[in-house]
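Next come the chains, spelled out residue by residue.
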Amino acid sequence: MRPPFDEDSARRKVQVAEDLWNTRDPERVALAYTADSVWRNRDRFATGHGEIIALLREKWAVELDYALRKELWGFRGNRIGVRFQYECRDRAGRWSRSYGNELWEFADDGLMRRREASINDVPITAGERRIFGSRPESEHGLLLPVK
């Protein structure tokens, strides 16, 4: 899917990104970005595949059992806005749910050249979890609950 995006292609792009991130495979995820892609992830900055892969390796080494849901928020031309939630646990077994927004900008070839993510974490108990593994295809495109 290449820009400019319409609603269908933007939704598909978001679902592909969700599916890809749920693999927790940094090398595979990095292939969706330009070689010189620029990221802001929380308070960290990364440029290029090497730094993106390193950031993701560190992330998934501490965010265990990571499971993500993304939802299209808006789109225009070569840009997509996304809201997301993910759940994970730390090595001590403490669970959290993270809420965030991403701003994406794409190159003409459809690879993402810029990603800015703002993320907030909320501690939860294992019993409060609601995100498990990859989203079943029957749930693609369903809205995420806010609380």
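The rules behind the values
- Residues numbered from 1 in each chain as written.
- Predicted model: local features only at pLDDT ≥ 70, side-chain atom pairs only at ≥ 80, totals over all residues.
- Heavy atoms only, no water.
- Pairing = 2+ DSSP bridges.
- Helix = DSSP H or I, 4+ residues; strand = E, 2+ residues; numbered from the N terminus.
- Axes fitted to C-alpha atoms, helices over the stretch in contact; angles between N-to-C directions.
- Contact = heavy atoms within 4.5 Å.
- Buried < 20%, exposed > 50% of the residue type's maximum accessible area, 1.4 Å probe, protein only.
- 1 Å grid on protein atoms, 1.4 Å probe; cavity = no way out; pocket = protein on both sides within 12 Å on 5 of 7 lines; lining within 4 Å.
- Points joined across faces, edges and corners; volume = space filled by probe spheres on them.
- Nonpolar A, V, L, I, M, F, W, Y, C, P; charged D, E, K, R; others polar.
- Phe/Tyr/Trp six-rings, centres within 6.5 Å; stacked < 30°, edge-to-face > 60°.
- Core = buried A, V, L, I, M, F, W, Y, C linked by side-chain atoms within 4.5 Å.

Visitor: Could you clarify how one ought to interpret the sheet that holds strand E2 (residues 44-47) in this entry?
Guide: Strands pair in a sheet through their backbones, by hydrogen bonds, and they do so in one of two ways: parallel or antiparallel. As summarised here, the arrangement of the six strands in space is E2-E1-E6-E5-E4-E3, forming an open sheet in which the pairing is mixed. Edge positions in the sheet fall to E2 and strand E3 (64-76), since each of these pairs with one other strand and no more. With strand direction ignored, the average angle separating the axes of adjacent strands in the sheet is 20 degrees. In terms of strand pairing, strand E5 (residues 95-106) meets strand E6 (residues 112-124) through twelve bridges, oriented antiparallel. Looking at the pairing, Glu102 lines up with Ala117 of E6. Here helix H1 (residues 7-21) sits on the sheet and contacts strand E1 (33-41), E3, strand E4 (79-89), E5 and E6; the angle it forms with E3, its principal contact strand, is near 165 degrees. Lying over the sheet, helix H3 (residues 48-62) contacts E1, E2, E3 and E4, oriented at roughly 45 degrees with respect to E1.

Visitor: Would you explain unusual backbone geometry in this entry?
Guide: Leaving glycine aside, a negative phi is the common case for residues, and trans is the common case for peptide bonds. With an omega of 5 degrees, the peptide bond between Pro3 and Pro4 qualifies as cis. Here Pro4 lies in the segment before H1. Phi is positive for Arg24, close to 55 degrees, though the residue is something other than glycine. Secondary-structure assignment places Arg24 in the loop between H1 and helix H2 (26-30). Taking relative accessible area as the criterion, Arg24 reaches 36% and is therefore assigned partly exposed. Not every positive phi belongs to a glycine, and Asp65 is a case in point at roughly 55 degrees. Tracing the backbone shows Asp65 in strand E3. The class for Asp65 is partly exposed, based on a relative accessible area of 37%.

Visitor: Looking at this structure, how should I read empty space enclosed by the protein?
Guide: Think of a ball as big as a water molecule: rolled over the atoms, this probe shows where empty space is left. In this structure the tally under the stated criterion is one cavity of 30 Å³ or more. When its volume is computed, the largest cavity comes out at roughly 50 Å³. Lining the largest cavity we find Trp21, Asn41, Lys59, Tyr66, Leu68, Lys70, Phe84, Tyr86, Glu102, Arg115 and Ile119. Taken together, the elements giving at least two residues each to the lining of the largest cavity come down to E3, E4 and E6. With three residues, E3 is the single largest residue contributor to the lining of the largest cavity. Tallied by class, the residues present in the lining of the largest cavity amount to six nonpolar, one polar and four charged.

Visitor: What's the story with the packing of aromatic side chains in this structure? I'm lost.
Guide: Geometrically, a pair of aromatic rings is defined through the distance of the ring centres and the angle of the planes. Scanning all chains against the criterion turns up eight aromatic pairs. A ring pair is formed by Phe5 and Phe106, whose centres lie 5.0 Å apart and whose planes are at 70 degrees; its orientation type is edge-to-face. Remark: Phe106 occurs in strand E5 and Phe5 occurs in the segment before H1; sequence separation between them is 101 residues. You can call Phe106 buried: its relative accessible area is 2%. The interplanar angle of 70 degrees and the centroid separation of 5.1 Å between the aromatic rings of Tyr33 and Trp39 together place this pair among those described as edge-to-face. The structure contains a cluster of three or more aromatic residues connected by ring pairs, namely Trp21, Tyr33, Trp39, Trp60, Tyr66, Phe84 and Tyr86.

Visitor: Would you mind showing me how to read the nonpolar core here?
Guide: Considering soluble globular proteins, one finds that nonpolar side chains tend to be buried as a cluster. Ranked by size, the top nonpolar core spans 29 residues in total, and within it Trp21, Trp39, Leu56, Ile80 and Trp104 carry the most contacts. Elements represented by at least two residues in this core include exactly H1, H2, E1, H3, E3, E4, E5 and E6. The contacts of Ile80, once residues within four sequence positions are left out, are Phe5, Ala10, Lys13, Val14, Leu72, Gly74, Phe75, Glu102, Leu103, Trp104 and Phe106.

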